[in-house]
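A look at the structure
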Amino acid sequence: MESGSSQPTPSSGANALETRSLSKSFGGLRALQQVSIGVAEGSITLVIGPNGSGKTTFINVVTGFIPADSGRVLLFGQDITNLPPHEVFRRGVVRTFQNPHPLKKLAVLENLLIAEPGYGDSVLHSFSRAWVEKEKRLVEKAFGILSFLGIEHLWDEQAMNLSGGQLRLLEIGRALMCDARVVIMDEPIAGVAPALAHSILKKLRELAQLGISFLIVEHRLDIVLDYVDLVYVLANGRIVAEGKGEEILKNPRVVEVYLGAEG
Ligand SMILES: Nc1ncnc2c1ncn2[C@@H]1O[C@H](COP(=O)(O)OP(=O)(O)OP(=O)(O)O)[C@@H](O)[C@H]1O
Ligand SMILES: [Mg+2]
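Presented here is a report on the structure given in the accompanying data block. (Residues numbered from 1 in each chain as written. Chains lettered and ligands numbered in written order. Predicted model: local features only at pLDDT ≥ 70, side-chain atom pairs only at ≥ 80, totals over all residues.)

So, on to the pairing of strand β4 (residues 70-75). Across five bridges, the pairing between strand β1 (residues 15-26) and β4 is antiparallel. Across the sheet, Leu-17 pairs through a bridge with Leu-75, a residue of β4. For β4 and strand β5 (residues 78-79), the ladder comprises two bridges, and the chain directions are antiparallel. Pairing of Leu-75 across the sheet is with Gln-78, part of β5. Between β4 and β5, which pair antiparallel and follow one another directly, the connecting turn spans two residues, one of which, Phe-76, has a positive phi of 45 degrees. (Pairing = 2+ DSSP bridges. Helix = DSSP H or I, 4+ residues; strand = E, 2+ residues; numbered from the N terminus.)

Structure below.
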């Protein structure tokens, strides 16, 4: 995982993930209304919007945690709409949560190992040569990821002793452990000190450079905008604007959405 430039790069054009007119209501509440977005392969795409605008619902529908009422979700052109979460995961889409929930009593290394889908199998075949080889490979892979993320020294620390930022890094590590092609993150830098927040976003850029595609939801626009390729703005379940970086904040519809939300 060599480091590349940390600047956003133009996308290759192909969409890793796409939604087409995705809609979801909770009773009378129209939480998502015809949401269409594209996440170019190897890009970081950001969805912003005031509290309650539908960001987490969008992630839940895309990842199969909540069924869509209508519309489609495409992964590398294949329809994955309303597949159960484990099927979406099996196809290479990994999500992180607004509040990280690692297994708190397990060490950092164990949290990575259990994220690997093959790890359970290896336990069943204890003490065979194949088991030893597989364990070794998984442990080496996990250490490689921890070293890339700069938290190798925490390998035997229980997850409950990590800071908020370190927990976010662990979540990214878990996504890398299962070779995610698309990573969907709900507020990856919420509650993280600015210096660590920047370094988390730089890591995401390096990973995007390697071809991983990111869809992230985040409130901290002062920090996140420089690191993303494309921004979509959600308000009351609808995409009201789309653009690049700081430009988006000049869009009158976006100003209205945020001022309206504060008022
Ligand atoms: N399971 C549910 N049942 C009923 N209403 C829900 C459910 N989940 C979300 N909602 C409602 O849908 C709307 C969108 O909520 P959502 O959590 O997606 O917003 P958000 O943009 O993620 O907000 P925040 O920035 O606060 O995280 C809100 O009005 C919320 O109350
Ligand atoms: Mg949310």
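On to the site of ligand 1. As a structural note, the neighbourhood of ligand 1 is formed by Phe-26, Leu-29, Ala-31, Gly-49, Asn-51, Gly-52, Ser-53, Gly-54, Lys-55, Thr-56 and Thr-57. Elements with a contribution of two residues or more to the shell around ligand 1: β2 (29-40) and α1 (55-62). (Near = placed C-beta within 6 Å.)

Let's shift gears to the nonpolar core. Val-182, Val-183, Phe-214 and Val-233 are the most contacted members of the largest nonpolar core, which has 73 residues in total. At seven residues, the largest contribution of residues to this core is made by helix α6 (residues 164-177). Both domain 1 (15-102 + 180-262) and domain 2 (103-161) contribute no fewer than three residues apiece to this core. Aside from chain neighbours lying at most four places away, what touches Val-233 is Ile-48, Gly-49, Ile-239, Val-240, Ala-241, Ile-248, Val-254 and Val-257. (Core = buried A, V, L, I, M, F, W, Y, C linked by C-beta atoms within 7 Å. Buried ≥ 20, exposed ≤ 12 C-beta atoms within 10 Å, placed from the backbone. Domains from an automatic or database assignment. Contact = placed C-beta atoms within 7 Å.)

Our focus in this paragraph is the packing of α6 against helix α7 (residues 194-209). Relative orientation and spacing of two packed helices are given, respectively, by the angle between their axes and the distance between those axes. Interaxial distance between α6 and α7 falls to 10 Å at its minimum, and their mutual angle equals 10 degrees. With respect to their mutual orientation, α6 and α7 come out roughly parallel. Across the interface between the two elements, Gly-165, Arg-168, Leu-169 and Ile-172 of α6 pack against Leu-196, Ile-200 and Lys-203 of α7. A breakdown of the residues in the contact of α6 with α7 according to their chemical character gives four nonpolar, one polar and two charged. (Axes fitted to C-alpha atoms, helices over the stretch in contact; angles between N-to-C directions. Parallel < 35°, antiparallel > 145°, perpendicular 65-115°, else oblique. Nonpolar A, V, L, I, M, F, W, Y, C, P; charged D, E, K, R; others polar.)

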